[in-house]
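Chain and residue survey
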Amino acid sequence: MAKNKQIVADAPLAEIYKKWFESNDTNYIFHVGKTGSGKTYSAVQRLKKAGSGVYLAPLRLLAWQVYDELNEANYPCRLLTGEEEIENKDALFTSSTIEMLDYNSFHETVIIDEAFMVADVDRGKSWLKAILTVKAKEVNIITSFESLNLLKKVLTIAKRKFEVIEYKMLQSFKFTDAAFLIKKDIPDRGVFVTFSRTDVLLNKMKFEQLGKKVSVLYGNLPPEVKKKQIQSFIQGENQIMVCTDVIGMGLNVPCDYIVFLQIEKYDGSGTRKLNSTEIKQISGRTGRYGLSSVNSFVSALTMKEVNYLKQTYNQNADIDTAIFGFDYDIFTALPKDSSISDRISFFSNVNIIPSQAKSIIKKEALAKYYDIALLLVRYKFELKTQWIFLTAPMKQNNKEYFSELIGNFYHYQILKRPIFTATTGDAKYLEDLISQFELYLSLSRSLPYEVDEKSKVVASKEVVINELQRVLLDRRLSSQKKCKLCTSMLSIQYPYNYCNYCFQNKVKYSDYGY
């Protein structure tokens, strides 16, 4: 299929996406304010008052948080994420990750949280689709000032009616006049932010050498472990927290101060300084009414970094682009004998975004789909199965298992659980194992599995989660990890799972074919 040549969608496909931008009777309400201004609280109160509805979260941990809050307040709620489902026979509410939204049902009230994520290159498509296509009487969109103009333009193009409610911070924080000095008598209830798992664990050890008990948070931790780490911090069992920017995604903790251990992060293509939105999201974890000291502050390790944080925080850099996603209707639009790669390329070339929206809506990047397509190319699956695999939560730490799972499913028509030899090991090994379990559980929602096998996965996951929590609480947390093959010790900062000898002599040719 020729690239960069725009293709006009056929009538049925064009009609599907035309409806995305048509007017409807839904009442949209923007809840806009800085982090900690009470906008989420107000939206949840509207949800409760409505008597039924759905809360859509950017993280499983936030879905858990609202699920717990509603049930504890006697508003029966179910939980739904890609990996778990907790039913409640009396449920009138659902708390879920945004990707799990039921688009076929009509909802009384819907909350779309952290809607600035509409610009996220990996997941933004889920926010745009939810905003434009959810069937509801009322949609509450919680967002930042930086994304408000973009979202208003999207709804205006779609001829939707909306109102805007602005919130002011009930409490605030200040940036320090001096750099933060790390020493033995640092106060409790502090959150220290860095931008890699390795740096989180190394700093955990440094703070423990100062006599502090430390909670940790980073992206690869499963939500169950994150929840336990947060609870240890909330209850005062651990005095400080070291984390990545995952803390900025709406998590509520009793934090009196934030210290940026770094102000640069790797974003997938290069290392860059934090932008205004990121600094606001992270800094907003302190200075929160009812959770933080009235003397809350934000700092860094040098005054140059403090000044950068302060200046950038005060900038208003508007988010100007929303992400439109590849979906099943587009994937199945070509004839049945079309290759997966052709179907992916078709999305690049088909003209389905309205002309008046092209300046503010762009299509998602497709590299991840091509990556998975390479694993599928040798197998002949029906279209639905291809799509399930193509949209599976594959990560670098479960890719090897995913490839094996695809082959096994082709031959046996049933999901095969991960095979492992131990439920103990270093943190990295345990995280990778949990990632495999979660991939299996996610696919088991759509593909055949053996009940006993799934039960074993659920039980094993719980064992490994508890072991990972124990490892993270261990004050002797190792600064080393083991090679996956020969078990020789490697530095925690070494970026690969195999030592150089094993990779060159045992892995390179057999697993990668070059």
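Residues numbered from 1 in each chain as written. Predicted model: local features only at pLDDT ≥ 70, side-chain atom pairs only at ≥ 80, totals over all residues. Heavy atoms only, no water.

1. Some points on unusual backbone geometry
- One non-glycine residue, Lys159, adopts positive backbone phi at about 55°.
- Among the secondary structure elements, Lys159 is positioned in the loop between helix H5 (145-157) and strand E9 (162-167).
- On the basis of relative accessible area, Lys159 is assigned to the exposed category, the value being 59%.
- In the Ramachandran plot, Gln413 falls in the positive-phi region, its phi being about 60° despite a non-glycine side chain.
- A residue is classified by how much of its surface remains accessible, and Gln413, at 47% relative accessible area, is partly exposed. (Helix = DSSP H or I, 4+ residues; strand = E, 2+ residues; numbered from the N terminus. Buried < 20%, exposed > 50% of the residue type's maximum accessible area, 1.4 Å probe, protein only.)

2. Observations concerning the pairing of strand E8 (residues 136-143)
- With seven of eight residues buried, E8 lies mostly within the body of the structure.
- Bridge count between strand E2 (residues 27-33) and E8: six bridges; the pairing is parallel. Counted as the bridge partner of His31 is Ile142 from E8.
- Bridge analysis of strand E7 (residues 107-112) against E8 gives five bridges, and the strand direction is parallel. Looking across to E8, one finds that Thr109 is bridged to Glu138.
- The parallel pair E7 and E8 is bridged by helix H4 (residues 124-133), and the resulting crossover is right-handed. (Pairing = 2+ DSSP bridges. Right-handed = clockwise from strand over helix to strand, strands pointing away.)

3. A closer look at the packing of helix H8 (residues 276-283) against helix H9 (residues 303-313)
- Packing of H8 against H9 brings their axes to within 8 Å, and their N-to-C directions diverge by 105°. With respect to H9, the element H8 is oriented roughly perpendicular. The residues of H9 that touch H8, namely those facing Ser276, Ile279, Lys280 and Ser283, are Tyr308, Leu309, Thr312 and Tyr313.
- Within the contact of H8 with H9, the residues separate by chemical class into four nonpolar, three polar and one charged. (Axes fitted to C-alpha atoms, helices over the stretch in contact; angles between N-to-C directions. Parallel < 35°, antiparallel > 145°, perpendicular 65-115°, else oblique. Contact = heavy atoms within 4.5 Å. Nonpolar A, V, L, I, M, F, W, Y, C, P; charged D, E, K, R; others polar.)

4. A short note on the pattern of salt bridges
- Taken as a whole and judged by the stated rule, the model has 29 salt bridges.
- Residues Asp256 and Arg189 are paired through a salt bridge, measuring 2.9 Å at the closest nitrogen-oxygen approach. One end of the pair, Asp256, is in the loop between strand E13 (240-243) and strand E14 (257-260); the other, Arg189, is in the loop between strand E10 (174-175) and strand E11 (190-193), and 67 residues separate them in sequence.
- The buried category is assigned to Asp256, whose relative accessible area is 17%.
- Of the charged contacts, one joins Lys456 and Glu453 as a salt bridge, the two residues approaching to 3.9 Å between their closest N and O atoms. Here Lys456 and its partner Glu453 are both found in helix H16 (residues 451-473), three residues apart, which amounts to about one turn of the helix. (Salt bridge = Lys/Arg side-chain N within 4 Å of Asp/Glu carboxyl O.)

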